[in-house]
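Spelled out, the chains give:
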Amino acid sequence: MTLKAFLGGRRQASILFLSCLILALSTSAIAHTKQASVAELTAPQIEEKLQECPLVQSLNAHKQATAPQTTSLTSKIFAILFPGSPAVNAILATFYISGPPSLDFLLALCPPNIDPSSLSVMVAFAVGGLLGDTLFHLLPEIFLGEDSPQHVRFVLVEPNRNLLLGVAILVGFLTFVAMDKTLRIATGGEGGHDHSHSHSPAAPKADDVALATGSSRSTKSSDETLRQRKSEKSTPHVSEEKEINPSVKLGGYLNLIADFTHNITDGLAMASSFYASPTVGATTTVAVFFHEIPHEVGDFALLIQSGFSKRKAMGAQFVTAIGAFLGTFIGIAIQEFGGGDAASATSSSSTGLLGTSLMLGDLLLPFTAGTFLYVGTVAVIPELLETGKDKSVEFRKTLQQFAAMFAGAGIMLWISWS
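Definitions and cut-offs
Residues numbered from 1 in each chain as written. Predicted model: local features only at pLDDT ≥ 70, side-chain atom pairs only at ≥ 80, totals over all residues. Heavy atoms only, no water. UniProt positions renumbered as here; feature names shortened; annotations may be inferred. Helix = DSSP H or I, 4+ residues; strand = E, 2+ residues; numbered from the N terminus. Buried < 20%, exposed > 50% of the residue type's maximum accessible area, 1.4 Å probe, protein only. Contact = heavy atoms within 4.5 Å. Areas by Shrake-Rupley, 256 points an atom, 1.4 Å probe, with all protein chains shown as cover. Phe/Tyr/Trp six-rings, centres within 6.5 Å; stacked < 30°, edge-to-face > 60°. Polar contact = N/O pair within 3.5 Å; in protein donor to acceptor, adjacent residues only side chain to side chain. Salt bridge = Lys/Arg side-chain N within 4 Å of Asp/Glu carboxyl O. Patch = residues over 30% accessible without salt bridge, like charges linked within 9 Å, V, L, I, M, F, W, Y side chains within 5 Å. Expected span 1.5 Å × (residues − 1). Bend = angle between axes of the 7 residues up to and from the residue. Axes fitted to C-alpha atoms, helices over the stretch in contact; angles between N-to-C directions. Parallel < 35°, antiparallel > 145°, perpendicular 65-115°, else oblique. Left-handed = near helix turned anticlockwise from the far one by under 90°. Nonpolar A, V, L, I, M, F, W, Y, C, P; charged D, E, K, R; others polar.

- The name an unreviewed UniProt entry gives the protein is Zinc transporter YKE4, with Uncinocarpus reesii as the organism.
- In its Subcellular location (unreviewed entry) section, the UniProt record describing the protein reads: "Membrane".

## So, the overall build of the protein
And step 1. The secondary structure content of the protein amounts to 18 helices and 0 strands.
And step 2. Counting the 418 residues in the protein, one finds 37% classified as buried.
And step 3. Put simply, of all contacts in the protein between residues at least 6 apart along the chain, 80% involve residues at least 24 apart.
And step 4. Of the roughly 23800 Å² of accessible surface on the protein, 67% is carried by carbon and sulfur atoms.

## Re the packing of aromatic side chains
And step 1. As enumerated under the stated definition, the model contains 7 aromatic pairs in all.
And step 2. The interplanar angle of 40° and the centroid separation of 6.4 Å between the aromatic rings of phenylalanine 78 and phenylalanine 82 together place this pair among those described as tilted. For the pair phenylalanine 78 and phenylalanine 82, one class covers both residues: buried.
And step 3. Among the aromatic residues, those joined into a cluster by ring pairs are Phe78, Phe82, Tyr96 and Phe274.

## Considering the environment of arginine 153
And step 1. Within the secondary structure, arginine 153 sits in the loop between helix H7 (120–144) and helix H8 (159–186).
And step 2. Look at arginine 153 and you get partly exposed, because its relative accessible area is 39%.
And step 3. The spacing of arginine 153 and valine 56 is 97 residues in sequence and 9.3 Å in space, taken between C-alpha atoms.
And step 4. With residues near it in sequence (within four places) discarded, arginine 153 still touches Glu47, Gly145, Glu146, Asp147 and Ser148.
And step 5. At a separation of 3.2 Å, a polar atom in the side chain of arginine 153 contacts the side chain of glutamate 47.

## Re the UniProt feature "transmembrane region" (unreviewed entry) in the protein
And step 1. When the UniProt feature table is mapped onto this chain, "transmembrane region" (unreviewed entry) is found at residues 77–98, 119–139, 159–179, 318–338, 358–381 and 402–417.
And step 2. Span residues 119–139 is 95% helix and 0% strand, its end C-alpha atoms 28 Å apart.
And step 3. When the span residues 402–417 is considered, its composition is 94% helix and 0% strand, and the gap between its end C-alpha atoms is 22 Å.

## Examining the pattern of salt bridges
And step 1. By the definition in use, this model includes 2 salt bridges.
And step 2. With a shortest N-O distance of 3.2 Å, glutamate 47 and arginine 153 are connected by a salt bridge. Taken together, the residues span a long stretch of sequence, with glutamate 47 in helix H2 (residues 43–50) and arginine 153 in the loop between H7 and H8 at a distance of 106 residues.
And step 3. Of the charged contacts, one joins aspartate 180 and arginine 184 as a salt bridge, the two residues approaching to 3.2 Å between their closest N and O atoms. Here arginine 184 and aspartate 180 lie together in helix H8, a separation of 4 residues that amounts to about one turn.
And step 4. Residue class for aspartate 180 comes out buried when judged on its relative accessible area of 6%.

## Section: the side chain of threonine 285
And step 1. With respect to the helices, strands and loops of the structure, threonine 285 is situated in helix H13 (residues 278–305).
And step 2. Only 2.8 Å separates the side chain of threonine 285 from the backbone oxygen of glycine 281, close enough to count as a polar contact.
And step 3. In contact with threonine 285, not counting residues within four places along its chain, are Phe82, Ala93, Ile97, Met270 and Phe274.

## Looking at a nonpolar patch on the surface
And step 1. A contiguous nonpolar surface patch, about 430 Å² in accessible area, is contributed by Leu73, Ile77, Leu81, Phe95 and Tyr96.
And step 2. When contributions to the nonpolar patch are tallied by element, the ones reaching two or more residues are helix H4 (73–81) and helix H5 (86–98).
And step 3. Broken down by element, the nonpolar patch gets its largest block of residues, 3 residues, from H4.
And step 4. In this structure, tyrosine 96 sits in helix H5.
And step 5. For tyrosine 96, a relative accessible area of 31% translates into the label partly exposed.

## Focus: H7
And step 1. Along its 25 residues, H7 runs 34 Å from first to last C-alpha, staying within 8% of the 36 Å computed at 1.5 Å per residue.
And step 2. The largest bend in H7 amounts to roughly 35° and is located at threonine 134.
And step 3. Positive phi appears at glycine 145, one or two residues downstream of H7, with a value of about 90°.

## A short note on the packing of H13 against helix H18 (residues 391–416)
And step 1. Where H13 meets H18, the closest approach of the two axes is 10 Å, and the angle between their N-to-C directions is 160°. The angle between the axes of H13 and H18 places the two elements in the roughly antiparallel class. Judged by the sense of rotation from one axis to the other, the crossing of H13 with H18 is right-handed. Residues Thr279, Thr283, Val286, Ala287 and Phe290 of H13 form the contact with H18, whose own contacting residues are Ile411, Met412, Ile415 and Ser416.
And step 2. Partitioned by chemical class, the residues of the contact of H13 with H18 number 6 nonpolar, 3 polar and no charged.

See the structure below:
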């Protein structure tokens, strides 16, 4: 082999080595670029990419082919009641529940001397509706999202995101605990804003409190006191109707404040649920409506017992209803400007709260779920657990309450069953 041929071979080998090196570096750079771009994708963008997979497209075709062709009756009704955008639907839902026509009709039929404790079956029905909406709709929507009728959906597990959602549920629950505890302290331990409204129909007196707390009275004196109270109930006293205990008056005004605050959370529930999905919004509206009937009647009876006339009590209820509209507008503002909607999540690739994909608006629905859990359990269940001495009457009453709870939860399940 000549020197010229040897040098030519080395030159070709060098060129081949450099070509391989450049190709390897280019491939590595492309792979690194793809890896960086994949890491920057948001959850909606990843799901959009997955929809391009042939297997997923086949699943979509199968889902559309097997989907029912007719629309259910409830869907048609909800489409008529809520025809607009999430913001418009939330305002409509609040008007249906807390607007003047609903309150006028409800409170006009309510007698001034109604005993709130007689609403136990209606309260049990509301408990079933609230818990059914929370367990069947809100919690699955919070952690899994809403199903799509056009295509299959995938759940991407993000542990820290789920933790923050759980924290928001706890904050909603503890918010109502703090509100209830504050009102009980303000009323001297006589009971704050009880959502069950199991208020005593008579004004509390010092000897009544001593009886309730088990003071050092003897059994004989207690019986005499009870007989005396029964005789006082049977004898009309005009002076006692005019004179209302100051603590009872204070309890009535504090209950108005608590009712206003509670209505704000109802408005937040409307806004957050409709921004989650139309189905969740509609079912939440139904659940809140069922709860508001005994709630408003109980508040109305408490105001009458606090010295309000029927006209003034109705006017006070209208004022507290403003809180529902206020909460709705606050919820709409949080959803629109807090990045909780799907469009903003798709268009924005920046990280959300504490490095997760959550935005501020995404925490509104779990906060609502926490408040519903408190209202449906702690605030109401104690009244349903109260029993009297007549076992047959209490057994029959318990069956009615459980039937009402199952009916309320069953309606929530039936509305969204596909």
